[in-house]
Every structure is written in structure tokens, then in C-alpha cells.
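Report on the structure
Listed here are the chains, written in short residue letters.
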Protein chains: 2
Amino acid sequence: MHRFKITELGKNAFWLRGDERDHLVRVLRLAPGDDIVGFDNSGAEYYATILKIEDKSVTCRILETSHPDVEANTKIYLAVGLSKGEKMEWVIQKGTELGISGVIPLRAKRAVMRLEGTKALERVKRWQKIAGEAAKQSHRVQEPQIFEVADWSDLPKLLPANTQWLIPYEEEKTERLQTVLDRFDPLLPMALIIGPEGGFEAAEVSWAQEYLGAASVSLGPRILRAETAALAAATMVLAHYGDLG
Amino acid sequence: MHRFKITELGKNAFWLRGDERDHLVRVLRLAPGDDIVGFDNSGAEYYATILKIEDKSVTCRILETSHPDVEANTKIYLAVGLSKGEKMEWVIQKGTELGISGVIPLRAKRAVMRLEGTKALERVKRWQKIAGEAAKQSHRVQEPQIFEVADWSDLPKLLPANTQWLIPYEEEKTERLQTVLDRFDPLLPMALIIGPEGGFEAAEVSWAQEYLGAASVSLGPRILRAETAALAAATMVLAHYGDLG
């Protein structure tokens, strides 16, 4: 059953416009009488039938509303140092399948990829689309938010003040991820700061510890690539609180 | 420091031949006097200096031997349904970074990719190289083994008889991965059977349960792509027994 993000929700109906409408009509070629599933990031899922297809919108009649227990209870954000090639897309796509709540693309010092101005805005738009498609594929009812490309100094403002920050760091030899997770409160948001391919500079880690109260942790004895670290960390945090596995 | 898989180990020296020798000489252009690290899949690591470079070999004098605690204690194998494109490579590369012990490419019923005869042998060789490079990158001292492409009926013969099998399965609604892991013995090998993109047929899962004693488990409420499932499952099993995070 095809899934769509609702543009406008009514009492017994909803409407799809823009890209969602176009995808339904031109790509999937669905027609009145076909059934679909709509979601609107509120946690609800609407099983519906297509009533009417028009130039700019599709009208659907809601047959049944449900609140599937498919979203993670713990809100986990990834602040990811900009990486080249498809790595950001990969982390966004698979992070969404796993169950994260958002991704903040971060201008870490050693990031090879530079992203500013309009190029940054366009890239964020594309990443948001990828998150949207991955959310549909995994049957989620909430699409993770892809934030504007941020600098370190932006981080405290982007997430709630009670966010618990974690920074997996190769140089961290003593504090293990699991130990820190035992201390954290799963009812409060968590954010994992993942380095770019070149890793973090010591000054960046110190800054995160001082200004975000970030706990620097080891992910284990083996060196992980940036994108592997992102997904492994997200998986372990979600699993620790029962949101995966 | 560059890492190499040792071809021949002596008392106070070791030799690199074949691809390892060529990579050192032609690509990295190292010379006598340069220091390198050698490993030989026994768990030992040899800090050495290059003595002599010849047409077919490189002689290195061992300065120091160590046994870094970098390998996972629990031996985890992935039997992965053949997937198209680069997915097998990703799973092998990232699975190696995470710490798995081997990968069995599996001819699952719904696998889109068909692999037989010489083509299969060549592909396995290439996958073994990928595992080798990833092992070096993560500073492992043991390279995971990539097995020959296997059918379901081969599986019982490929791993020790006391292997504990797990099959993450979308249709499994009750048994959770973590519950099964609490029952398993981390001192015995474990094998996770991951489906191809189309998932498993019910008959395949039943076969695994009957002939491998496999426990079918849920990885959580969200649908994961095949390669995401492979890495998430491997991460969760390794983390459960303290080998990650």
C-alpha cells in the first residue's frame, strides 16, 4: 500500500498537493477507488480511498485512523560532520529507517565538503526528500527533520535545552557508550555528534563538552568510518532503550 | 602506520609477497628503514621495520610483538542473501569494521542477483579483498572470512555444530532480538541470516528453524532495508555482549 505525506488534513478527508500529488498521479498512476495510506507527522496514520484527482490536488476520504506504535519513544538526533559523496544521504536514509528524529549537518573543522549559501539550502532540501522517502519505506508516521547546515555555535539553539549530548571520539579510551546511556534519561532528547572522515580536532570535542555538556564516549576498540559510526551509534542508543531489536 | 597481512612469519622477521608486496612497493612506495605493522590472523600484531625489498618479496624485521585487544570476543557470522549492486560490498566492509568474523553469501530464493561457477569464485575473491582492506582500516588483527557462495543446504556444514543461528524476519511479531540474545551463550559462535531485498519466503524461515535450530526474531517495529538490517543486527549482537560501545 503506497504511503503519502498529507498536505492538508480535514475531518473525514485529506488532500495531497505538490510533489505528493504528482508522484501519485504521474509515477504511480493511481486512480479514484484506489486505497492509500496518509500520515502527517503527528503520529497518526490514515487509511483512505482516493475520491478525486485534480490538476493541483488529490482528495482522499479517510476510512480509518490509527496510531501505530512504529516510532521510537526516545528522540535521537544526529549532528553529522559534512562528508563527501553519498555518505550524508546514506546516513540520512538508514538513520531514518532505524528511527532517528532528525539530522543536523555540521560544519566540522576537518570536513572536506564545504556547504554554504544557496548550495547548502538546496542540499538540505534534497536530504529532506531522502528522509521522507526512507520514512515511507520503513512505514514510519513521522519524517525526521533535516536541519539547516550548522556551525558548532548553532548547536545549542537548534535542540531543546534539556538535550543530552554524546560525542563518540576515537581518542576516548575510558568512558564507554553503554555506561553513559545508563546515566541518560530516555524521556529527554539525545543528540549524537558524529565526526567527518578526518575525525574531530581536540578543541572541537572540548567545546562540545563545555558548551553542550557532551559526554565523550568510545564506541569500542575498532576504528569505524564516519558513516559506520553514525549508524552503529544510532543503533546502539535505540536498542539500549528498547526502540530497536 | 600502514598495516599489512603477513605472507610468511619467521622468528624475528616476516615476509610480504604478492598483492601485499606490490601494494607496499608500487602504491605506498615505502622503503627500507620505514616502519610498518604486520598481522597474520592469529591475533598478534608485529611492529616492524622494512629490511629489504626484492622482486617478489619484502623482508621486515620484527621490533615488537603485541596482542591488542581489538577483536570481538563473540564470533559472529552473517549469512547474507545475495543483493544487487554494491550492497554486499557495503555489508562486508562495514560488518568488518564493526567486528564480525565472516560472511556467507547465500542464494536465498528471492535474491535478484544470481551467482554461479567462475563468476561466483571471482566475486568471492573480490569480497575477500574488501574484507582485508576494511580489517586494515579498522586496525583489526583478524580478517573476516568470506565463504563460497552457499545454498541453504550448505549452511549446516559451513559453521561449527554448536553455532547459534538467528533469523531476523519481518513477519516475526513476538520474539525480540534482545530476548534471544539473553538466552544465547556468547562463548559459542553466532550466525545471523539476513534476507535479500525481497525478504524470505516462509518456507525458508521454517527450514532454518528446523535444520539450523534458528530463532526467528524481530528487529523492531520499523521496516529495514536488507543492508540496514545486516548492520543493525550485527551492531546489536556485538553491543549486547560488550564487543561494541
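Figured I'd write up the structure that's included with this text. A quick note: this is a predicted structure, and the numbers were derived from the prediction, not measured. (Residues numbered from 1 in each chain as written. Chains lettered and ligands numbered in written order. Predicted model: local features only at pLDDT ≥ 70, side-chain atom pairs only at ≥ 80, totals over all residues. Heavy atoms only, no water.)

Digging into helix α2 (residues 87-98) of chain A
All names here are of chain A. Taking 1.5 Å of rise per residue, the twelve residues of α2 would be expected to cover 16 Å, and the 16 Å separating its terminal C-alpha atoms lies within 8% of that figure. When you tally the buried positions in α2, you get eleven out of twelve residues, the bulk of the element. Looking at α2, one finds that the buried residues are Met88, Glu89, Trp90, Val91, Ile92, Gln93, Lys94, Gly95, Thr96, Glu97 and Leu98. Gly99 occupies a position one or two residues after α2 and carries a positive phi of about 130°. (Helix = DSSP H or I, 4+ residues; strand = E, 2+ residues; numbered from the N terminus. Expected span 1.5 Å × (residues − 1). Buried < 20%, exposed > 50% of the residue type's maximum accessible area, 1.4 Å probe, protein only.)

What about the pattern of salt bridges?
All names here are of chain B. Per the counting criterion, the structure on display carries 38 salt bridges over all chains. Of the charged contacts, one joins Glu227 and Lys87 as a salt bridge, the two residues approaching to 3.8 Å between their closest N and O atoms. You can see Glu227 sitting in helix α7 (residues 226-240) and its partner Lys87 sitting in helix α2 (residues 87-98), a full 140 residues away along the chain. Glu116 is the salt-bridge partner of Arg107, the closest N and O atoms lying 3.6 Å from each other. (Salt bridge = Lys/Arg side-chain N within 4 Å of Asp/Glu carboxyl O.)

Some points on the relation of the copies chain B and chain A
Superposition record for chain B on chain A: RMSD 0.0 Å, screw rotation 180°, translation along axis 0.0 Å. Each copy turns onto its partner about a two-fold axis. Considering only C-alpha atoms, the part of chain B nearest the rotation axis is B:Met236, at 3.2 Å. By residue overlap, the copies meet face to face through one surface: 97% of the interface positions of chain B are interface positions in chain A. (Least-squares fit on C-alpha atoms with pLDDT ≥ 70 in both. Contact = heavy atoms within 4.5 Å.)

What to know about unusual backbone geometry
Residue and element names in this part refer to chain A. Positive phi, normally seen in glycine, also occurs at Arg29, with a value near 55°. Considering the arrangement of structural elements, one finds Arg29 in the loop between α1 (18-27) and β4 (35-39). The exposure class assigned to Arg29 is exposed, which follows from its relative accessible area of 66%. The residue His139 is not glycine, and still its phi comes out positive at about 65°. Along the polypeptide, His139 turns up in the loop between α3 (117-137) and β9 (145-146).

Considering the packing of aromatic side chains
For the coordinates displayed, the defined rule picks out eleven aromatic pairs over all chains. Following the ring pairs from residue to residue traces out a cluster consisting of A:Trp152, A:Phe200, A:Trp207 and A:Tyr211. We note B:Lys94 situated over the ring of A:Trp90; from NZ or CZ to the ring centre the distance is 5.4 Å. (Phe/Tyr/Trp six-rings, centres within 6.5 Å; stacked < 30°, edge-to-face > 60°. Lys NZ or Arg CZ within 6 Å of the ring centre and 35° of its normal.)

Quick look at helix α7 (residues 226-240) of chain A
Residue and element names in this part refer to chain A. For α7, spanning 15 residues, the distance from its first C-alpha to its last is 21 Å, which sits close to the expected 21 Å at 1.5 Å a residue. Burial analysis of α7 places 14 of its 15 residues in the buried class, the great majority of the element. One or two positions beyond α7, positive phi appears at Gly242, with a value near 80°.

Side note on the pairing of β4(A)
All names here are of chain A. Counting buried positions along β4 gives four out of five residues, so the element sits mostly inside the fold. For strand β1 (residues 3-5) and β4, the ladder comprises three bridges, and the chain directions are parallel. Bridge pairing in β4 places Phe4 opposite Gly38. Here β4 pairs with strand β5 (residues 45-53) via five bridges, running antiparallel. Along β5, the bridge assignment pairs Asp35 with Thr49. As consecutive antiparallel partners, β4 and β5 are separated by five residues, and within that stretch Asn41 has a phi angle of approximately 65°, a positive value. (Pairing = 2+ DSSP bridges.)

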